[in-house]
Each structure stands twice: as C-alpha cells, then as structure tokens.
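Fold and geometry: a report
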Amino acid sequence: MTDRREQLAENLARVEERISAACAAAGRERADVTLIVVTKTYPASDVRLLAELGVRHVAENRDQDAAPKAAECADLPLNWHFVGQLQTNKVRSVVTYADVVQSVDRPKLVTALSAAAVRAGRETGALIQVALDAESGERGERGGVAPDGVEALADAIAAAEGLRLDGVMTVAPLAGTYAGRPRAAFERLREIATGLRVSHPAANMVSAGMSADLEDAVAAGATHVRVGTAVLGVRPRLR
Ligand SMILES: *Cc1c(COP(=O)(O)O)cnc(C)c1O
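In short, a report on the structure. (Residues numbered from 1 in each chain as written. Predicted model: local features only at pLDDT ≥ 70, side-chain atom pairs only at ≥ 80, totals over all residues. Heavy atoms only, no water.)

Quick look at the nonpolar core
Condition: Residue types Ala, Val, Leu, Ile, Met, Phe, Trp, Tyr and Cys, when buried and joined through side-chain atoms within 4.5 Å, form a set referred to as a nonpolar core. Accessible area is worked out with a 1.4 Å probe on protein chains only. A residue is then buried under 20% of its type maximum, exposed over 50%, and partly exposed in between. Whether two residues are in contact is decided by their heavy atoms: any pair within 4.5 Å suffices.
Leu113, Ile128, Ile157, Val225 and Val231 are the most contacted members of the largest nonpolar core, which totals 71 residues. The contact partners of Leu113, leaving out residues within four places of it in the chain, are Leu86, Val91, Val95, Val101, Val104 and Leu163. In this structure, Val38, Ala59, Leu127 and Met205 belong to the second largest nonpolar core, which totals 8 residues.

Shown next as structure tokens:
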C-alpha cells in the first residue's frame, strides 16, 4: 500500500495537470485559477498533509466536522471555505474559522452572518450560491438562490457590516435544462458574474467546477475550482 502522503501528492499532481491543460486550452494563465481542495469527510491529518504539499485553500460543508478540523489545523497557512447549506444557528461557529462562505443564498443568512462576523471581529467573504435550475423566487434543492434573486442578495451583502461580497458560486445542476451540460451551466454563471460586476466591481470570484467537470468550469472562466474526490479519493458515504 502506498502511503497517504504519496497518494495525495500523486492525486494533486494529476489535478494540477488537468487544471494547467484546461487553462492552456482556454488561453488562460494558470495563476488565474485557484484550486480549493474539498476535505469533507476526511480527517485533519489529511488537511495537514495537503498543506505540507502546498495546498492553500480547503473547503468543508458541515460545521460539525469543519469546526474541530479547522481548530486542529489552526497553525497551518490555510484559507477555509464553507460550501455547504448553512443554517443560521451555525453561523456563529462558521465565522470563527471560515474566510469565505460560498453558500450565501438568502437574506436571513446575510443578516445572521453579518451579526456573527461583527461579533467575532472578523470580515467574512461571501459568495452568492446560484441555483441555475431554480425558478424565480425559489431556492435550489441543494441550496442556492434563483438567478433573478442574485442582484438583491448582492446589494444586501454589500451593505452588511462584517461581510465582503466576493462573487458567485454554483454546483452544476443534476436535473432541469442544465442536467448533463455543465459547460452550459458554467457559461450561464459567467454571465451572471459579469452582470454582478457592473454594480459590484470587486466581486470577481467565480467558484465552479468539481472533480468531474473542472475543465468545463475553467473553460467558462471560473476563478476557483472545488475538488474533493480527485484529490482525496471517493468519499466513504454520500453527504
Ligand atoms: C463535495 C463538494 C465538492 C467536491 O466534489 P467532488 O466531486 O468530490 O470533487 C465541490 N463543491 C461542493 C459544494 C461540494 O459539496
């Protein structure tokens, strides 16, 4: 059996090759795309190894797992991203370790995050999670605001103390018109991001693409890709 560090190093190298190739194909600089490794379900020891291997951005989707993991890894030079559906009763904990919350999708969450960030004396980055398959006024099955709700939410975040509007995030829909068409989904997200920057020029993060579709995301202008399985392996159970 290969040792874990070697395995992670190999996987990282393969993902790095994929990102580089996708950047080259799209005529983009490699430096314009940031790799975020999604460490959910994997132990703090893996996070530590990843940091030693040069990873600087990690993501988690459940506060119960993320909070102790981030505490164990507090000595590492890591940026923590929160990418899961977030209940308002968890925000006080999340803002203590998350540099960016990528799953902001409703006004109530903006209010709660803002209050928690101010209380913690932190500035928390916020991405609007867009549910590309959600109807007007509804939320996506896995969270996210419908595209026509982005502007109002952006204004709310921009006006909220303790929060910094950083951009948008999406997960390629599994159902609806974008099912099986991640490239089209990410192109739509790019349009939304471009529209957002008209009124919020600093909101230039576009978080899209996972292990299966990171090439599509890079081709469609993503600035951040969130890769779990391809680096850490297939997760033991679905979350
Ligand atoms: C788990 C997760 C990822 C990573 O998915 P993989 O297919 O394992 O690369 C990315 N984004 C979000 C929001 C996730 O929950």
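Considerations on the site of the ligand
Counted only if it meets this: Working definition: residue near molecule or strand if any one of its non-hydrogen atoms lies within 4 Å of it. We define a polar contact as two N or O atoms separated by no more than 3.5 Å, with the added condition that, inside protein, one atom must be a possible hydrogen donor and the other a possible acceptor, whereas residues neighbouring each other in sequence contribute only through side-chain atom pairs. Under the scheme applied here, ten amino acids are nonpolar (Ala, Val, Leu, Ile, Met, Phe, Trp, Tyr, Cys and Pro), four are charged (Asp, Glu, Lys and Arg), and all others, including Gly, are polar.
Taken together, the residues surrounding the ligand are Val38, Lys40, Val83, Met210, Ser211, Arg226, Val227, Gly228, Thr229 and Arg235. Taking Ser211, its side chain carries an N or O atom lying 2.5 Å from an oxygen atom of the ligand. Taking Arg235, its side chain carries an N or O atom lying 2.8 Å from an oxygen atom of the ligand. For the shell around the ligand, the residue count by class is 4 nonpolar, 3 polar and 3 charged.

Focus on the environment of Asp65
To keep it simple, the criterion reads: Strands are runs of DSSP state E lasting at least 2 residues, helices are runs of H or I lasting at least 4, and numbering of each runs from the N terminus.
Counting through the fold element by element, Asp65 comes out in helix H3 (residues 63-72). Given the relative accessible area of 22%, Asp65 is considered partly exposed. C-alpha of Asp65 to C-alpha of Arg119: the two residues are 54 residues apart in sequence and 22 Å apart in space. One polar contact links Asp65 to Arg62, side chain to side chain, over a distance of 3.1 Å.

Some thoughts on the pattern of salt bridges
The condition that has to hold: Note on definitions: salt bridges are taken to be side-chain nitrogens of Lys or Arg within 4 Å of carboxyl oxygens of Asp or Glu.
Under the criterion given, the structure shown has 15 salt bridges. Across the pair Arg30 and Glu16 runs a salt bridge whose closest N-O atoms are separated by 2.7 Å. Here Arg30, found in the loop between helix H1 (4-26) and strand S1 (34-38), pairs with Glu16, found in helix H1; they are 14 residues apart in sequence, far enough to count as distant. On the accessibility criterion, Arg30 (25% relative accessible area) is partly exposed. In this structure, Asp105 and Arg139 form a salt bridge, with 3.2 Å as the shortest nitrogen-oxygen distance. With Asp105 in the loop between strand S4 (100-104) and helix H5 (107-120) and Arg139 in the loop between strand S5 (124-130) and helix H6 (150-159), the pair connects residues that are 34 residues apart, well separated along the chain. Since its relative accessible area comes to 41%, Arg139 is described here as partly exposed.

Describing the pairing of strand S6 (residues 163-170)
Basically, it comes down to this: Note on pairing: DSSP must find at least two bridges between two strands before they are called paired. Crossovers are described as right-handed under a simple rule: with the strands pointing away from the observer, the path leading from the first strand over the helix to the second runs clockwise.
Here S6 lies mainly inside the structure; 7 of its 8 residues are buried. In terms of strand pairing, S5 meets S6 through 7 bridges, oriented parallel. Counted as the bridge partner of Gly125 is Arg164 from S6. One crossover worth recording links S5 to the parallel S6 by way of H6, and it is right-handed. Where S6 lies against strand S7 (residues 205-207), 3 bridges are found, and the strand directions are parallel. Each bridged residue has a counterpart across the sheet, and for Met169 the counterpart in S7 is Ser207. You can see the chain leave S6, run along helix H7 (residues 182-199) and come back into S7, and the turn it takes is right-handed.

A look at the environment of Val95
Secondary-structure assignment places Val95 in helix H4 (residues 91-97). Considering only alpha carbons, one finds Val95 and Glu123, 28 residues apart in sequence, at a separation of 8.6 Å. With near-sequence residues (within four places) excluded, Val95 lies in contact with Leu113, Ala116, Ala117, Ala120, Arg122 and Thr124.

Some thoughts on the pairing of S4
Of all the 5 residues making up S4, 5 are buried; the element is thus mostly covered by neighbouring parts of the structure. In terms of strand pairing, strand S3 (residues 79-82) meets S4 through 2 bridges, oriented parallel. Pairing of Phe82 across the sheet is with Val101, part of S4. For the crossover that starts at S3, traverses H4 and ends in the parallel S4, the hand is right-handed. With respect to chirality, the unit in which S4 leads through H5 into the neighbouring parallel S5 is right-handed.

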